[in-house]
Amino acid sequence: MIYAGDGWRYLTDQVARGAEDYYVADVARGEAPGRWAGVAATVELGLAGEVSEAQMHRVYGLLAHPSEDRVLGAAPRLYRTLEQRLDAARVLHDRRGAAVWAAREVVLEATGATGAQVDAERGAHRERRGEVWAQREAEIRRAKERRAVAGLDLVFSPPKSLSVLWAAGDDAGRETIWRAHHEGVDAAFAYLEREAAWSRVGYNGVRQVDTTGLVVAAFDHRMSRSGDVQVHTHNAVLNRVRCDDGGWRTLDSRAVFRAAAAAGAVYDRVRETALERDLGVRHGERSPNGAREIVGVPNELCRLFSSRRTAVEARLGELVAEWSERHGDTAPSPATLARLSGWATLETRRPKGASETTAEALARWRRQAADSVGVSLADVWDAATRPGGDVPVAVRLGDDEIVAEALRAVDDAKATWTRFDLARQLTRRLPTNPNLDAAAERARLDALLDAPWEHKPTGSGLSPYPLRRCSTPPKPCVSATGPAPTWPITPPATPPGPAWAARHECSPPPGASSATCGHRTATSKRRSPSAGSQANRR
C-alpha cells in the first residue's frame with residue numbers, strides 16, 4: 001500500500017536526483033528516476049516521461065491533478081493519529097467512569113455507608129476502570145494507524161537467475177535485459193488495464209463500472225534491501241480512476257488482486273520471449289512448479305545472491321516450529337503458513353544500506369561470486385547466452401493438450417477457480433516463441449482461454465466443458481449499427497474518448513465501423529461487472 005501524504009517518498013528517496021541513468025552512464029548513485037506509465041497517466045493527466053518529486057507530491061500525496069487546482073474525485077479522508085485516538089478514548093473513558101462513580105456514591109450515601117466503606121468502594125471502582133482502560137488501550141494500539149490509501153505498489157521481479165545474468169553482462173547486455181523486463185511489465189499492465197481497471201458505485205459499491213485506465217509511476221531498482229543483485233520494478237498504481245461518466249473514483253482493488261497472479265504470468269511469458277529473442281538464452285524449470293530459470297546460471301550463484309530469502313525462510317522455520325508446538329505438533333494450514341510468512345518477511349526487514357554506484361555494486365558482486373562460489377560472472381554470461389547441445393528440449397504440446405493440462409492443474413489446486421487462475425496455468429505451459437510480440441502472445445492466451453467453453457480437447461478424459469458453469473457472458477459491443485445493450489448497465493451518454501479507444505481495442509460487429517465502437521466485444525475477454533465475483537465450477 002502507498003498511503004496519502006508522504007507514503008510515496010520511499011520510491012523517490014531511492015532516486016539519484018540530477019544524475020544520468022545509472023545503467024547507461026554507470027556514474028549515478030542510487031536508483032534511476034521513475035517514469036510515468038498507464039493509459040490514464042497520459043490521456044487524463046498529461047503525465048509522460050520522468051517522474052518528478054513535485055508530481056508525486058500532488059498526485060500521490062494530495063490525490064490532486066498535477067497541473068490544475070483540483071482534487072481527483074473526493075479528497076482523501078483524514079484519520080486521527082494513534083495518539084489522538086488514545087487521548088480521545090481516555091477522555092471518554094474518564095467521563096464514563098466519573099458518571100458511574102457519581103451514581104454509586106449517591107447510593108452509598110442513601111444507605112448510610114461509612115467513610116471506610118466508601119473508600120473501599122472507590123478503590124474497587126478505580127481498579128475495575130483501570131482494567132477496562134487497559135483492554136481498550138490494547139484494542140486501539142492493535143488497530144494501529146489508519147491512513148488514506150493513495151495507491152497500490154505492484155512489484156514485478158524476475159527469477160534470480162536473470163538478475164545474476166544482469167550483473168554478469170556488459171552495458172549493452174544489461175540494457176537488453178532491462179528492455180526485456182520492461183516489455184514484460186508493459187504487457188502485464190496492458191492485461192491489468194483490460195481485465196481489472198474497474199471502479200465501484202452504488203450502495204456499498206454494489207455496481208462495477210469501467211474506467212479509462214490506470215495511472216502508474218514505475219521505478220526500477222537493481223538490488224534488494226540486503227544489497228544482493230535483484231532487478232525489479234515498483235509500480236505505484238494510483239488509487240484513483242476516471243469512470244465513464246467523467247468522475248474520478250477509487251480503484252476497485254479487489255479486481256486488481258484477483259488478476260494480479262495472471263498478470264504476473266503474462267509478465268513472465270513476455271519477458272522470457274524477449275530474452276530468448278534478443279539474447280539467445282533458454283529457460284527451464286529446476287523444480288516442479290518452480291520458476292523458470294535461465295539455463296547456464298548456476299544454482300549456487302542464485303543462492304548466494306538470495307540472502308534476503310534465506311533470512312526470511314530461516315525465521316519462517318522458527319515461527320512454524322513455535323506454532324506447531326503450541327498446537328499439538330500439527331502442521332499449519334496454507335492460510336496460516338501465508339500469515340507466518342508475512343510476519344517473517346516483516347521481522348527480517350531491515351533498512352536499506354548506503355547507496356552504491358552501479359560500478360561499485362557490480363565489482364562487489366563479482367568479488368562475491370569469485371570468493372564464495374569460485375565462478376567468474378563473465379563465464380556465466382557466456383554459458384547462458386551461448387547454450388550448448390546439453391540444453392534440455394521441452395516437449396511441444398498441442399493447444400488441446402495445453403488446455404487439458406491447465407484445467408487439471410486448476411482443478412487439483414482449487415475447488416472453485418476463475419479465468420485468471422486458468423490464465424496463469426495456461427501461460428506457464430505455453431512454449432516461448434521468439435517470433436511473437438506481446439500483442440500476439442496475449443491473443444494466443446485469449447484464444448486458449450476460450451477453448452474450454454467451445455470444445456472438449458481430444459482424449460483429455462475431463463468432463464464435457466459445456467457442463468461447466470462459466471462466468472456471465474461478456475459485454476456486447478455498443479455501436480451505432482450494432483445491437484442494443486442487454487446488460488443492466490447504462491452506457492456512457494457521450495461517445496468514448498481517445499483513452500477508451502486506446503485501451504479497449506474493440507473489434508466492432510459486422511457492418512459497424514471502428515469509430516462507432518465504444519465497448520469491448522466478446523473477443524476482448526473482459527467480463528460483465530458481476531463476473532469478478534463469480535467462478536468457473538464443475
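Residues numbered from 1 in each chain as written. Predicted model: local features only at pLDDT ≥ 70, side-chain atom pairs only at ≥ 80, totals over all residues. Heavy atoms only, no water.

Undergrad: Could you give an account of the nonpolar core, with specific residues and numbers?
TA: Counting residues in hydrophobic clusters, the biggest one holds 40 residues, and the most contacted among them are Phe 189, Leu 214, Val 237 and Leu 426. Mapped onto this core, the elements with two or more residues apiece are β3 (149-156), α8 (171-195), α9 (253-278), α15 (399-413), α16 (419-429) and α17 (438-454). The leading source of residues in this core is α9, at 8 residues. What Leu 426 contacts, discounting residues up to four positions off in sequence, is Ile 402, Val 403, Ala 406, Leu 445, Leu 448 and Leu 449. (Core = buried A, V, L, I, M, F, W, Y, C linked by side-chain atoms within 4.5 Å. Buried < 20%, exposed > 50% of the residue type's maximum accessible area, 1.4 Å probe, protein only. Helix = DSSP H or I, 4+ residues; strand = E, 2+ residues; numbered from the N terminus. Contact = heavy atoms within 4.5 Å.)

Undergrad: I'd love a proper account of helix α11 (residues 307-326), names of residues and values included.
TA: In this model, α11 (20 residues) spans 29 Å end to end at C-alpha, consistent with the 28 Å of a helix rising 1.5 Å per residue. Taken together, the buried positions of α11 are Val 312, Leu 316, Leu 319, Val 320, Trp 323 and Ser 324. Down the axis of α11, the sector holding all buried residues measures 130 degrees, keeping them to one side. Contacts from the buried residues of α11 go to α12 (334-347). Just beyond α11, the residue with positive phi is Gly 328, at close to 70 degrees. (Expected span 1.5 Å × (residues − 1). Arc of directions from axis to C-beta.)

Undergrad: Could you give me a rundown of the pairing of strand β5 (residues 207-210), with the residues and numbers involved?
TA: As judged from the 4 bridges shared by strand β4 (residues 198-201) and β5, these two strands associate in the antiparallel manner. The residue bridging Arg 200 from the neighbouring strand is Gln 208, located in β5. Counting the residues in the hairpin turn of β4 and β5 gives 5 residues, including Gly 202, whose phi is positive at 90 degrees. (Pairing = 2+ DSSP bridges.)

Undergrad: Requested: an account of unusual backbone geometry, with residues and values cited.
TA: Of note in this structure, Leu 63 is not a glycine but carries a positive phi near 50 degrees. With respect to the helices and strands, Leu 63 occurs in the loop between α4 (53-61) and α5 (82-110). Accessibility expressed as a relative area gives 1% for Leu 63, which makes it buried. One non-glycine residue, Asn 204, lies in positive phi territory at about 60 degrees. Within the secondary structure, Asn 204 sits in the loop between β4 and β5.

Undergrad: Let's hear about the environment of Ala 32: which residues, and what values?
TA: Along the polypeptide, Ala 32 turns up in the loop between α2 (22-25) and β2 (35-37). The exposure class of Ala 32 is buried, given its relative accessible area of 6%. Between the C-alpha atoms of Ala 32 and His 221, which are 189 residues apart in sequence, the distance is 7.3 Å.

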